[in-house]
Amino acid sequence: MAAFSGSRFKEFLKKYGKVALGVHFSVSAASITGLYVAIKNNVDVESLFDKLHLPGLSKDEKNQNPSPQSPNPDGSLKEEVVIEKKQRNRTAELAASTGGALALAVICNKALFPVRVPITIALTPPIARFLARRRIIKNSV
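Described below are features of the structure shown in this document. Counting restarts for each chain, with residues numbered from 1 along the sequence as it is written. Residue-level local features of this predicted model are given only where pLDDT is at least 70; pairs of side-chain atoms are given and counted only at 80 or more, and the full residue set underlies all totals for whole chains, interfaces and linings. Side-chain numbers here rest on the full set of heavy atoms in the structure, without hydrogens or water.

## Quick look at the packing of aromatic side chains
1) Next: Working definition: rings of Phe, Tyr and Trp (its six-membered ring) pair if their centres are within 6.5 Å, and the pair is stacked with planes under 30 degrees apart, edge-to-face with planes over 60 apart, and tilted otherwise. Across all of its chains, the model carries 1 aromatic pair by this definition.
2) Next: Geometrically, the ring pair formed by Phe 12 and Tyr 16 is tilted, given 5.0 Å between the ring centres and 55° between the ring planes. With Phe 12 and Tyr 16 both in helix α1 (residues 6-40) and 4 residues apart, the pair spans about one turn of that helix.
3) Next: According to the relative accessible area criterion, Tyr 16 is buried, its value standing at 11%. Secondary structure elements are taken from DSSP: a helix is a run of H or I of four residues or more, a strand is a run of E of two residues or more, and numbering for both begins at the N terminus. Burial here depends on accessible area, computed with a 1.4 Å probe over protein chains only, as a share of the maximum for the residue type. Under 20% is buried, over 50% is exposed, and the range in between is partly exposed.

Structure, rendered in structure tokens:
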């Protein structure tokens, strides 16, 4: 499946046509629904994308704090109070906006396209056979 060339893909579409499109749209709908539910339940998508090394939503910021202790002029050490700034959760901010959760789910769905295509290719033949056995589609595959 990794070497699915252009001609093989055209044959795949010619053979399965509407079934392949239906399967792909169903996989996409399930993906968007799952992502929407996850985002509405405050899953931090940015950190998830960072862990999976997917590009798009996150920027790496290195935390470079000075040492918490610094020397006084007389040589003794004085402690400094370091207040860390709370990092913004852009996922939560987008989800709070009107339609932001759905928009973010669609964007994440677009980023997961390379994952959805192999799923579609793997699911289409068995679904086409099932539909042919039930005589829902005319072509026997």
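After that view of the structure, there is still more to cover.
## A word on helix α4 (residues 100-111)
1) Next: Its 12 residues give α4 an end-to-end C-alpha distance of 16 Å, which sits within 8% of 16 Å, the value for a rise of 1.5 Å per residue.
2) Next: Of the positions making up α4, those classed as buried are Gly 100, Ala 101, Leu 104, Ala 105, Cys 108 and Asn 109. Helix span, as expected, comes to 1.5 Å for every residue beyond the first.

## So, unusual backbone geometry
1) Next: Of note, Arg 135 is a non-glycine position whose phi angle comes to about 60°, a positive value.
2) Next: If you trace the backbone, Arg 135 turns up in the segment after α5 (113-133).

## A closer look at the packing of α4 against α5
1) Next: Note on geometry: axes are lines fitted to C-alpha atoms, helical ones only across the stretch in contact, with angles between N-to-C directions running from 0 to 180 degrees. Direction vectors running N to C along α4 and α5 enclose 65°, while the axes themselves pass 5 Å from each other. Taken together, the axes of α4 and α5 are roughly perpendicular relative to one another. Note on element contacts: α5 touches α4 through Phe 113, Pro 114 and Arg 116, opposite Asn 109, Lys 110 and Ala 111. The scheme is simple: roughly parallel for angles under 35 degrees, roughly antiparallel for over 145, roughly perpendicular for 65 to 115, oblique for anything else. Any two residues whose heavy atoms approach within 4.5 Å at even a single point are treated as in contact.

## Regarding the nonpolar core
Soluble globular proteins tend to bury their nonpolar side chains together.
1) Next: As used here, the term nonpolar core means buried Ala, Val, Leu, Ile, Met, Phe, Trp, Tyr and Cys residues forming a set that is joined through side-chain atoms within 4.5 Å. Judged by nonpolar contacts, Phe 12, Tyr 16, Val 19, Ala 20, Val 23, Val 27, Ile 121, Ala 128 and Leu 131 together constitute the single largest core of 9 residues.
2) Next: The greatest single-element share of this core, amounting to 6 residues, is contributed by α1.
3) Next: Other than its neighbours up to four places away in sequence, Ala 20 contacts Phe 12, Leu 13, Thr 120 and Thr 124.
4) Next: One finds Val 45, Ala 101, Ala 105 and Cys 108 within the second-largest nonpolar core, a separate group that totals 8 residues.

## Things to note about α1
1) Next: In a regular helix each residue adds 1.5 Å, so 35 residues correspond to 51 Å; α1 covers only 38 Å between its end C-alpha atoms and thus falls short of that length.
2) Next: In this scheme, the bend at a residue equals the angle between the axes fitted to the seven residues that finish there and the seven that begin there. Residue Tyr 16 marks the point of greatest curvature in α1, where the axis turns by about 100°.
3) Next: Taken together, the buried positions of α1 are occupied by Phe 12, Tyr 16, Val 19, Ala 20, Val 23, His 24, Val 27, Ser 28, Ser 31, Leu 35 and Ile 39.
4) Next: With its phi angle positive at about 65°, Asn 42 sits one or two positions after the end of α1.

## Description of a positive patch on the surface
1) Next: For patches, a residue must show more than 30% relative accessible area and have no salt bridge; joins then use 9 Å for like charges and 5 Å for nonpolar side chains, namely Val, Leu, Ile, Met, Phe, Trp and Tyr. Note on areas: Shrake-Rupley with a 1.4 Å probe; residue coverage comes only from the protein chains shown. Any Lys or Arg side-chain nitrogen found within 4 Å of a carboxyl oxygen on Asp or Glu counts as a salt bridge. In this count, Lys and Arg are taken as positive residues and Asp and Glu as negative ones, while His and the chain termini are left out. For this purpose, a charge sits on NZ of Lys, CZ of Arg, CG of Asp or CD of Glu. On the surface, a cluster of positive charge is contributed by Lys 15, Arg 129, Arg 133 and Arg 134.
2) Next: Mapped onto the elements, Lys 15 comes out in helix α1.

## Thoughts on a nonpolar patch on the surface
1) Next: A cluster of nonpolar side chains, contributed by Tyr 36, Val 37, Leu 102 and Val 106, occupies part of the molecular surface with about 310 Å² of accessible area.
2) Next: When residues of the nonpolar patch are traced back to their parent elements, those giving at least two are α1 and α4.
3) Next: Summarising the element assignment, Val 106 is placed in helix α4.

## Some thoughts on the side chain of His 24
1) Next: With respect to the secondary-structure elements, His 24 resides in helix α1.
2) Next: Given a relative accessible area of 17%, His 24 falls into the buried group.
3) Next: Ignoring anything within four residues of it in the chain, the contact list for His 24 reads Phe 113, Arg 116 and Thr 120.

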